[in-house]
Amino acid sequence: MRDGIGIWARRRIVAARHGISQLPDAITSGALYTLLFATIIWLFGTAHIMIISPIVVIFRGRRRKMFPLSLIPRVIVTLLILNVLAHLATLNIVFCFALNILVPFLLVMVQASQFAPKAYFGYVMAFVFLELRPLALDDFLVQLAVTAYAACILGAVLLVMRWQRVREGSTDFNLAESLERLASLLDRLADGAKVVDVHSELTEIERDYDRLCINDRRLIRTPDATSLRYHLVATLFQRAIYLIDDASWQRGVGEGLSIEALHDVASMIRQVKAARTPEERAVVHRCLQMMLDMVELPDGRIRVFFRSILHILMLIVSDPVIRPRGLKQRIKPARESVERLLMSLNPDTFQFRFATRLAIVMTLTCSFSLLTGLNHAYWLPLNAFLLLMPSYEESSHRMVTRPVGTLIGCFVSFLVVQVLKDPIEIYVFCMVIITLLYACTPGSWVQAIFATSFALTMCSLTMAETTAMALRVLYVCLAALIVLAVNRLVMPSTKERIYAGNRRQLFETCRSYWGIVIDSIDGDIELGQAADMLSDFHLIYEQAYSYAQEIDDEAERTAECRHLVTLWHMFSEVEQIEYLVLAGEVDGRDSVVLRQVASRLGDKVVPAQRGCLAVALAAEIRSDEIRYALVHYIENALALT
């Protein structure tokens, strides 16, 4: 009993500390909400405040990130378009059905990912909230003006915060600092540091850069120079991870293999870090090329690592960041964007499964609200939207915490309205409550208390509080039942189901990467294609491996982890081959043979044990680096059988 009380107390202390640490951010968000609330009521009236919550959510998602200036007009235009679509959805049931199926689905597919699952949230919230209360044409035009005003305020605030971060020299990740950390880690390896200590730090930094690559991805634009640098730095760390994870390399170190080359690589990384001007980068580029031409190392992992790292450093110091054949930033043709979107319509992907559930829930609840016209019926889609989360487990958690928080919030609101009678007092109380709400853990019962207290206290200005409380509880419970049914019956995304899909995606990524190798041999291919695949693979792998380590059965856990590690080795080898092709390390004869090998392995990732042409052709490759990587790829592929 005492242990249970102690655990409960510790959790409450941790939660309290978390709330205190979130308070500065909450005050900033609350101040923005208060500014919009006060000015919108003053300029336009109380009927047009639904846009405020989505605006603050978008602000909270961007407040700590660097972003291109083009983001601000895109946000404004997107919100205005969503406002128009939301109004159309309220005109009749046909539009309501069509738009609630289409708009949430597309927003999730375009904006969310398995690694940023809630990137859709602010924009879908804007669409849903703006359609909750049907408006006449005149009122809609006012609401459109309110949306434009609120979006411009958001843009101005983000612009100020961006200017402040630039002035402080703050970016999402300091590339120079990361390069210095990599150089230091390589020096430690060369000096005999424990592999396990270095491995964890390398992996952590590489995953951070992979997430940056994912977050900077655009549907209709190729990666810019900053995004490509993120990708290249992530690849540097990935190369180091693969080096120290290789069993043959670790045995080689034990046998006295010279690894002084690691000090040389660390020295060149520091020179790349120090190069600021185009002239300095050109000098470093020449030095890197001289090292590639002059330094001789025995065949093996050190040689492959050394040469691939130097190639990547040469790409980083290129001005602009390009590969030898050229890379231009451009608008993607509509065909490429459509093809990419169609490729994501895969039942194995997180986006497709969640987008389908979200579209169904929004269609059901918004149609109910539109058809019935019941008092405060819009609370049903509002609560359903907040209950339905990308994670099945998080949705289940919210279906407990939100009803509990709603009941307590009803009681709090009832007490408040007995004391506060003046509208100004109620407004002040609500602004304090909304600030505290942003300090809470999303989805917690405490947050639900504040949300309910805010909503019901505001409603007390226009209707009896007991009626509002009864309706609030009714719609929350009904929303929970609808979300529970859809989560169980429509493409459920349990952890087991996600893991099975992740395994298939990793295997498919290995197969697809051979297509990139073929394209690189045949002609120009944008580095961004390889960047996207690299980031996807590593983050999916991380998620899958975390699940595999939690499997209870020891034999199954060992087998699954071994399978995933083998896939990771295979992907690293084919990625190594791709970079050697891009760096011009493949002559005419090898390119013909490699193309044949890539074509066969692309069709069948795991070659046959006997009589496989890809295995026979690998021995004909003259390039030591490519042959080394290809042989190891085939060995790992055969191990899968």
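This text gives an overview of the structure that appears in the document.

Basis of the calculations
Within each chain, residue numbers correspond to sequence positions counted from 1 in written order. Per-residue local features are limited, in this predicted model, to residues with pLDDT of at least 70; the limit for side-chain atom pairs, both in listing and counting, is 80 or more; totals at the level of whole chains, interfaces and linings are taken over all residues. Side-chain calculation: all heavy atoms of the structure are included, whereas hydrogens and water are not. Think of it this way: any DSSP run of H or I at least four residues long counts as a helix, any run of E at least two long counts as a strand, and we number them from the N terminus. Exposure categories follow from relative accessible area, calculated using a 1.4 Å probe and restricted to protein chains: below 20% of the type maximum is buried, above 50% is exposed, and the middle band is partly exposed. Residues count as neighbours in contact if any of their non-hydrogen atoms are within 4.5 Å of one another. Using a 1.4 Å probe, accessible areas were evaluated by the Shrake-Rupley method; residue-level cover was limited to the displayed protein chains. Our working definition of a disulfide is a cysteine sulfur pair at a distance within 2.5 Å. Every axis in this analysis is a line fitted to C-alpha atoms, fitted for helices over the stretch in contact. Angles between the N-to-C directions lie between 0 and 180 degrees. Roughly parallel covers angles under 35 degrees, roughly antiparallel covers those over 145, roughly perpendicular covers 65 to 115, and oblique covers all other angles. Left-handed describes a crossing in which the near helix is turned anticlockwise from the far one by less than a right angle; the clockwise case is right-handed. When residue character is reported, Ala, Val, Leu, Ile, Met, Phe, Trp, Tyr, Cys and Pro are called nonpolar, Asp, Glu, Lys and Arg charged, and the others, Gly included, polar. Each patch is built from residues lacking any salt bridge and having more than 30% relative accessible area; the joining distance is 9 Å for like charges and 5 Å for nonpolar side chains (Val, Leu, Ile, Met, Phe, Trp, Tyr). We count a salt bridge whenever a side-chain nitrogen from Lys or Arg sits within 4 Å of a carboxyl oxygen from Asp or Glu. Counting rule for charge: Lys and Arg are taken as positive, Asp and Glu as negative, and neither His nor the chain ends is counted. We put the charge of a Lys on NZ, of an Arg on CZ, of an Asp on CG and of a Glu on CD. What is meant by a nonpolar core is a set of buried Ala, Val, Leu, Ile, Met, Phe, Trp, Tyr and Cys residues, joined one to another through side-chain atoms within 4.5 Å. Expected span of a helix: the number of residues minus one, times 1.5 Å.

## Quick look at the overall build of the chain
Then comes step 1: The helix and strand tally for the chain stands at 26 helices and zero strands.
Then comes step 2: Evaluated residue by residue, the chain yields a buried proportion of 50% over its 641 residues.
Then comes step 3: The long-range share in the chain, meaning contacts at least 24 apart out of those at least 6 apart in sequence, stands at 80%.
Then comes step 4: When the accessible area of the chain is evaluated, it comes to approximately 28800 Å², of which 62% is carbon and sulfur surface.

## Description of the state of the cysteines
Cysteine pairs can be covalently joined through their sulfur atoms, and such a bond is termed a disulfide.
Then comes step 1: Enumeration according to the criterion identifies zero disulfides in this entry.
Then comes step 2: Considering cysteine sulfurs only, Cys-366 is the nearest to Cys-96, which forms no disulfide, with 5.7 Å between them.
Then comes step 3: Of all cysteine sulfurs in the structure, the one in Cys-410 sits closest to Cys-477, which takes part in no disulfide; the separation is 9.9 Å.

## Overview of the packing of helix α17 (residues 392–419) against helix α19 (residues 445–459)
Then comes step 1: At a minimum axis distance of 7 Å, the contact between α17 and α19 shows a crossing angle of 45°. In terms of their interaxial angle, α17 and α19 are classed as oblique. For the element pair α17 and α19, the recorded crossing hand is right-handed. Residue-level inspection shows Thr-401, Arg-402, Gly-405, Thr-406, Ile-408, Gly-409, Cys-410, Val-412, Ser-413, Val-416 and Val-417 of α17 in contact with α19, the latter providing Trp-445, Ala-448, Ile-449, Ala-451, Thr-452, Ser-453, Leu-456 and Thr-457.
Then comes step 2: When its residues are assigned to classes, the contact of α17 with α19 shows 10 nonpolar, eight polar and one charged.

## Overview of a negative patch on the surface
Then comes step 1: A cluster of acidic residues, Asp-552, Asp-553, Glu-554 and Glu-556, forms a negative patch at the surface.
Then comes step 2: Mapping Asp-553 onto the fold places it in the loop between α22 (527–548) and α23 (554–582).
Then comes step 3: Overall, the relative accessible area of 43% leaves Asp-553 in the partly exposed class.

## Quick notes on the pattern of salt bridges
Then comes step 1: Taken as a whole and judged by the stated rule, the model has seven salt bridges.
Then comes step 2: Where Glu-180 meets Arg-270, a salt bridge forms, and the shortest distance between an N and an O atom there is 3.2 Å. Of this pair, Glu-180 sits in helix α7 (residues 175–190) while Arg-270 sits in helix α11 (residues 260–274); the two residues are 90 residues apart in sequence, bridging distant segments of the chain.
Then comes step 3: Its relative accessible area of 24% is what places Glu-180 among the partly exposed residues.
Then comes step 4: A salt bridge links Arg-270 to Asp-187, with the shortest nitrogen-to-oxygen separation between them at 2.9 Å. Remark: Asp-187 occurs in helix α7 and Arg-270 occurs in helix α11; sequence separation between them is 83 residues.
Then comes step 5: When its relative accessible area of 16% is taken as the criterion, Asp-187 is described as buried.
Then comes step 6: If you follow the salt bridges from partner to partner, you end up with Glu-180, Asp-187, Arg-270 and Lys-273 in one network.

## Quick look at the environment of Leu-382
Then comes step 1: Assignment of secondary structure puts Leu-382 in helix α16 (residues 379–387).
Then comes step 2: Accessibility expressed as a relative area gives 10% for Leu-382, which makes it buried.
Then comes step 3: With 94 residues separating them in the primary sequence, Leu-382 and Val-476 have C-alpha atoms 9.0 Å apart.
Then comes step 4: Among residues more than four places away in sequence, those in contact with Leu-382 are Phe-129 and Leu-132.

## Some details on the nonpolar core
Across soluble globular proteins, nonpolar side chains have a tendency to be buried as a group.
Then comes step 1: Counting 92 residues, the largest nonpolar core has Tyr-33, Ile-51, Ile-52, Tyr-120, Leu-358, Trp-379 and Phe-385 as its most contacted members.
Then comes step 2: The leading source of residues in this core is helix α5 (residues 121–130), at nine residues.
Then comes step 3: For Trp-379, the residues in contact, after removing those within four places along its chain, are Leu-456, Cys-459, Ala-468, Leu-471, Arg-472 and Tyr-475.
Then comes step 4: Core analysis: the second largest hydrophobic core is formed by 81 residues, Leu-182, Ala-190, Phe-305 and Leu-534 among them.

## Digging into helix α20 (residues 465–489)
The periodicity of an α-helix, 3.6 residues per turn, causes residues three or four places apart in sequence to face the same way.
Then comes step 1: A rise of 1.5 Å per residue sets the reference length of α20, with its 25 residues, at 36 Å; its end C-alpha atoms lie 36 Å apart and thus fit the reference within 8%.
Then comes step 2: If you check which residues of α20 are buried, you get Ala-468, Met-469, Leu-471, Arg-472, Tyr-475, Val-476, Ala-479, Ala-480, Val-483, Val-486 and Asn-487.
Then comes step 3: Of the surrounding elements, those touching the buried residues of α20 are α15 (350–372), α16, α17 and α19.

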